Structure formats: structure tokens, C-alpha cells
Amino acid sequence: DRVLIKDFSFLLGAGQRIGIVGRNGLGKTTLLRILMKQLEPDAGTVTHGPSVKFVYADQKRASLDPEKTVLEEIA
């Protein structure tokens, strides 16, 4: 029931990377899930270019393969 982001527009160019930091409970994971289209935003739209690929490891590390090295997993 609270507004996390208002009037936000962002373009990320090819090869660029971002980091999202902040205290617990501020909406970082929610923002990432919206950007990856795992959640729908309450308002507005999320648009991806045709070649956009997300690489994301959640806090619980559920998607990581324990047989791979850290380098293999993030590559």
C-alpha cells in the first residue's frame, strides 16, 4: 500500500550494469521482479529491448547449481 517509485524512467544501454542497494524492506527485490516481468507493476509499463537478458540470483540462491563454481554460475 505504499508507493515505491513515482515518475521513474530509465534507459540502460548495451553492456551497462547496475547495482541496487538499500536497507531491508525498501522494495529492491520487488523492483527487480517487476523489471524481470515476474510481477506486474500497479501502474505504468516495463519495456525491454529484443536482446535484453537478465542474470539474477535470488537471496535464497534457489536457482544456483551447487555443482558449478561461482565463476561458472555468474558467467
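Structure: above.
Read on for a plain summary of the structure. Here the structure is a predicted model, which means the values were calculated and not measured.

Another aspect to go through is the packing of aromatic side chains. Under the counting rule described, the total for this entry stands at one aromatic pair. Look at F8 and F10: their rings are 6.1 Å apart centre to centre, the planes differ by 15 degrees, and that puts the pair in the stacked class.

As a volume, the largest pocket reaches approximately 1800 Å³. In this structure, the largest pocket is lined by 44 residues; those nearest its centre are F8, F10, L31, L35 and V46. Residue classes in the lining of the largest pocket are distributed as 23 nonpolar, 13 polar and eight charged.

Another aspect to go through is unusual backbone geometry. At D7, a residue that is not glycine, the phi angle is positive and equals roughly 55 degrees. You can call D7 exposed: its relative accessible area is 77%. The residue K37 is not glycine, and still its phi comes out positive at about 65 degrees. Position of K37 relative to the elements: it lies in the loop between α1 (28-35) and α2 (70-74). We classify K37 as partly exposed; its relative accessible area is 46%.

A contiguous nonpolar patch, built from L4, I5, F8, F10, L12, I18 and I20 and spanning about 660 Å² of accessible area, is present on the exposed surface. You can call I18 partly exposed: its relative accessible area is 48%.

To continue, consider the environment of I20. By secondary structure assignment, the location of I20 is in the segment before α1. Its relative accessible area of 31% is what places I20 among the partly exposed residues. Once you skip the residues sitting within four places of it in the chain, I20 turns out to touch K28, L31 and L32.

Conventions we followed
- Residues numbered from 1 in each chain as written.
- Predicted model: local features only at pLDDT ≥ 70, side-chain atom pairs only at ≥ 80, totals over all residues.
- Heavy atoms only, no water.
- Phe/Tyr/Trp six-rings, centres within 6.5 Å; stacked < 30°, edge-to-face > 60°.
- 1 Å grid on protein atoms, 1.4 Å probe; cavity = no way out; pocket = protein on both sides within 12 Å on 5 of 7 lines; lining within 4 Å.
- Points joined across faces, edges and corners; volume = space filled by probe spheres on them.
- Nonpolar A, V, L, I, M, F, W, Y, C, P; charged D, E, K, R; others polar.
- Buried < 20%, exposed > 50% of the residue type's maximum accessible area, 1.4 Å probe, protein only.
- Helix = DSSP H or I, 4+ residues; strand = E, 2+ residues; numbered from the N terminus.
- Patch = residues over 30% accessible without salt bridge, like charges linked within 9 Å, V, L, I, M, F, W, Y side chains within 5 Å.
- Areas by Shrake-Rupley, 256 points an atom, 1.4 Å probe, with all protein chains shown as cover.
- Salt bridge = Lys/Arg side-chain N within 4 Å of Asp/Glu carboxyl O.
- Contact = heavy atoms within 4.5 Å.

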